[in-house]
Amino acid sequence: MSELTIVIDNWGHKELKKYLMSLKGILDVEIKNDEQLEVYLKYDSNLITPKIIKMEIIMFLNIVKIPSVLSFDKYPKFETYNYTITRDDLCCEYCYKGAIEDLFEIEGIETVKGNFNEDYLFKKYEEREKIIINIKYDPNLINTEEIKQIQLKLNI
C-alpha cells in the first residue's frame, strides 16, 4: 500500500472523496480544507499511479489549465536526499504552482514543500521573505547535478 498527500490551492471539493474512492486502486481518502485543499490517499501502486491520481483530482476540480499544486508528499519507503531552492523573489504564484506541478511529474522527486503563501505577493518587495522550496529526491534515480539542472529549468 502506498500513500500520497497533495495540497491544492482550491476549496471546492464537494463529492471529491466519493469520486476518488470510486477509482480502482484507491483504498482510503482523507480531505482537509483549511486554507487549501489537502488530500491524503492510500492506494495500490499496482493499480494506479500518483500522476493519474493528481490528474483525476485536477480534472474533477476543473482546474486543468490552472496550476494549483502547492506541495506534495509521495511518502517514499527509502532514504531520500534533500535539496533546497532559495529565491529572493518570485515571478508570480502561477509560476510557483507550475514549478511544483513540474516537480511532481519528475520520477524520483518524492516530496516538495515550500513557504509560499497568498500574502507574499501583497507585501512590499522589501518586506518579502525569501522563497524556500524543499525537495526530497531518490538518489538512485537523480544525482546532485541532475537536480541542479532541474532547478535551472523551473520557471520561477
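Placed above this text is the structure.
Below: a short report on this structure. (Residues numbered from 1 in each chain as written. Predicted model: local features only at pLDDT ≥ 70, side-chain atom pairs only at ≥ 80, totals over all residues. Heavy atoms only, no water.)

### Examining the overall build of the chain
So, point 1. Across its full length, the chain holds 4 helices and 7 strands.
So, point 2. Relative to the globule expectation of 15 Å for 156 residues, the C-alpha radius of gyration of the chain, 16 Å, shows essentially globular dimensions.
So, point 3. Taken over the C-alpha atoms alone, the chain extends approximately 45 × 35 × 25 Å along its principal axes.
So, point 4. Going through the 156 residues of the chain one by one, you find that 43% of them count as buried.
So, point 5. For the chain, the share of sequence-separated contacts (at least 6 apart) that also reach a separation of at least 24 residues comes to 71%.
So, point 6. Counting 21 positive and 28 negative side-chain charges, the chain places the centres of these two groups 2 Å from one another. (Helix = DSSP H or I, 4+ residues; strand = E, 2+ residues; numbered from the N terminus. Rg over C-alpha atoms; globule rule 2.2 N^0.38 Å. Buried < 20%, exposed > 50% of the residue type's maximum accessible area, 1.4 Å probe, protein only. Contact = heavy atoms within 4.5 Å. Lys, Arg positive; Asp, Glu negative; His and termini not counted. Charge placed at Lys NZ, Arg CZ, Asp CG, Glu CD.)

### Quick notes on helix H2 (residues 50-60)
So, point 1. Of all the positions in H2, only Pro50, Ile53, Lys54, Glu56, Ile57 and Ile58 are classed as buried.
So, point 2. Among the structural elements, strand E1 (2-8), helix H1 (16-21), strand E2 (26-33), strand E3 (37-43), strand E4 (69-73) and helix H3 (93-105) are those in contact with the buried residues of H2.
So, point 3. With its phi angle positive at about 60 degrees, asparagine 62 sits one or two positions after the end of H2.

### Overview of the side chain of glutamine 151
So, point 1. Here glutamine 151 shows up in helix H4 (residues 144-153).
So, point 2. Here glutamine 151 is in contact with Tyr83, Ile85 and Arg87, once residues within four sequence places are set aside.

### Things to note about a nonpolar patch on the surface
So, point 1. Taken together, the side chains of Met55, Met59 and Val64 make up a nonpolar region of the molecular surface, amounting to roughly 260 Å² of accessible area.
So, point 2. With respect to the element layout, methionine 59 can be found in helix H2. (Patch = residues over 30% accessible without salt bridge, like charges linked within 9 Å, V, L, I, M, F, W, Y side chains within 5 Å. Areas by Shrake-Rupley, 256 points an atom, 1.4 Å probe, with all protein chains shown as cover. Salt bridge = Lys/Arg side-chain N within 4 Å of Asp/Glu carboxyl O.)

### Some words on the packing of H2 against H3
So, point 1. Where H2 meets H3, the closest approach of the two axes is 10 Å, and the angle between their N-to-C directions is 145 degrees. Two secondary-structure elements touch here, H2 through Pro50, Lys51, Lys54 and Ile58 and H3 through Glu101, Phe104 and Glu105.
So, point 2. Grouping the amino acids of the contact of H2 with H3 by side-chain chemistry returns 3 nonpolar, no polar and 4 charged. (Axes fitted to C-alpha atoms, helices over the stretch in contact; angles between N-to-C directions. Nonpolar A, V, L, I, M, F, W, Y, C, P; charged D, E, K, R; others polar.)

### Focus: the layout of surface pockets
So, point 1. In this structure, the largest pocket encloses a volume near 310 Å³.
So, point 2. For the largest pocket, the lining is made up of 20 residues, of which Tyr43, Pro50, Lys74, Glu107 and Glu110 are closest to its centre.
So, point 3. Where the lining of the largest pocket is concerned, the elements lending two or more residues are E1, H2 and H3. (1 Å grid on protein atoms, 1.4 Å probe; cavity = no way out; pocket = protein on both sides within 12 Å on 5 of 7 lines; lining within 4 Å. Points joined across faces, edges and corners; volume = space filled by probe spheres on them.)

### Side note on the environment of lysine 148
So, point 1. Its location among the elements puts lysine 148 in helix H4.
So, point 2. For the pair lysine 148 and lysine 51, spaced 97 residues apart in the sequence, the C-alpha separation amounts to 23 Å.

### Structural notes on the side chain of threonine 5
So, point 1. Take threonine 5: it is sitting in strand E1.
So, point 2. You can call threonine 5 buried: its relative accessible area is 8%.
So, point 3. A polar contact is formed between the side chain of threonine 5 and the side chain of tyrosine 75, at a distance of 2.7 Å.
So, point 4. Sequence-distant contacts of threonine 5, that is, excluding residues within four places in its chain, are made with Glu38, Val39, Tyr40, Ser71, Phe72, Asp73 and Tyr75. (Polar contact = N/O pair within 3.5 Å; in protein donor to acceptor, adjacent residues only side chain to side chain.)

### Some words on unusual backbone geometry
So, point 1. The phi dihedral of glutamate 15 falls on the positive side, at around 75 degrees, and the residue is not glycine.
So, point 2. Within the secondary structure layout, glutamate 15 lies in the loop between E1 and H1.
So, point 3. Its identity as a non-glycine residue notwithstanding, tyrosine 75 has a phi of 45 degrees, on the positive side.
So, point 4. Checked against the element boundaries, tyrosine 75 lands in the loop between E4 and strand E5 (81-87).
So, point 5. Relative accessible area serves as the criterion here: at 29%, tyrosine 75 is assigned to the partly exposed category.

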